[in-house]
Amino acid sequence: MFAYLNSHDRSRLVFDDAYVKKNTIPTPDWASFYPDARELIPHDMPKPRGKEVQMTCFVDADHAGDQYTRRSRTSVLLFLNSSPI
């Protein structure tokens, strides 16, 4: 992507700051596996500035999926709000 932008100097990246709807992403309930887990928030944490940023990650792996070389493949998609990074 960055090589393409370097060779096409009039191109620009556009960031979509729209949030992904929460009901489209399944949220697992881990309370039964980790009943005593709590999120620790530091007492000296700075106050948030600006809007929240929503990070979403999708991961897929294919272990030894290539029939000839038996190589594995892993794919990772990261999104900030609705924009892939």
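Above this text you will find the structure in question.
Keep in mind that this is a model prediction, so the values were computed, not measured.

Participant: Please clarify how the packing of aromatic side chains should be interpreted in this entry.
Facilitator: Any two aromatic rings considered together are summarised by their centre-to-centre distance and by the angle between their planes. Throughout the structure, instances matching the rule amount to two aromatic pairs. Here Trp30 and Phe33 contribute two aromatic rings whose centre-to-centre distance is 5.5 Å and whose plane-to-plane angle is 50°, an arrangement assigned as tilted. Between Phe58 and Phe79 the ring centres are 6.1 Å apart and the planes differ by 80°, which places this aromatic pair in the edge-to-face class. With Phe58 in strand E1 (residues 55-62) and Phe79 in strand E2 (residues 73-80), this pair connects stretches of sequence that are 21 residues apart.

Participant: I'm lost on the environment of Asp9 in this one. Help?
Facilitator: By the element assignment, Asp9 lies in the loop between helix H1 (2-7) and E1. Spatially, the C-alpha atom of Asp9 lies 25 Å from that of Leu78, the residues being 69 residues apart in sequence.

Participant: Hey, could you run me through the sheet that holds E2 in this one?
Facilitator: Two orientations exist for strands paired in a sheet by backbone hydrogen bonds: parallel and antiparallel. Spatial strand order, E1-E2-E3: three strands in an open sheet with antiparallel pairing. Bordering the open sheet on either side are E1 and strand E3 (83-84), each of which pairs with just one other strand. Across eight bridges, E1 lies against E2 in antiparallel orientation. Looking at E2, one finds that Ala61 is bridged to Thr74.

What counts, and at which threshold
Residues numbered from 1 in each chain as written. Predicted model: local features only at pLDDT ≥ 70, side-chain atom pairs only at ≥ 80, totals over all residues. Heavy atoms only, no water. Phe/Tyr/Trp six-rings, centres within 6.5 Å; stacked < 30°, edge-to-face > 60°. Helix = DSSP H or I, 4+ residues; strand = E, 2+ residues; numbered from the N terminus. Pairing = 2+ DSSP bridges.

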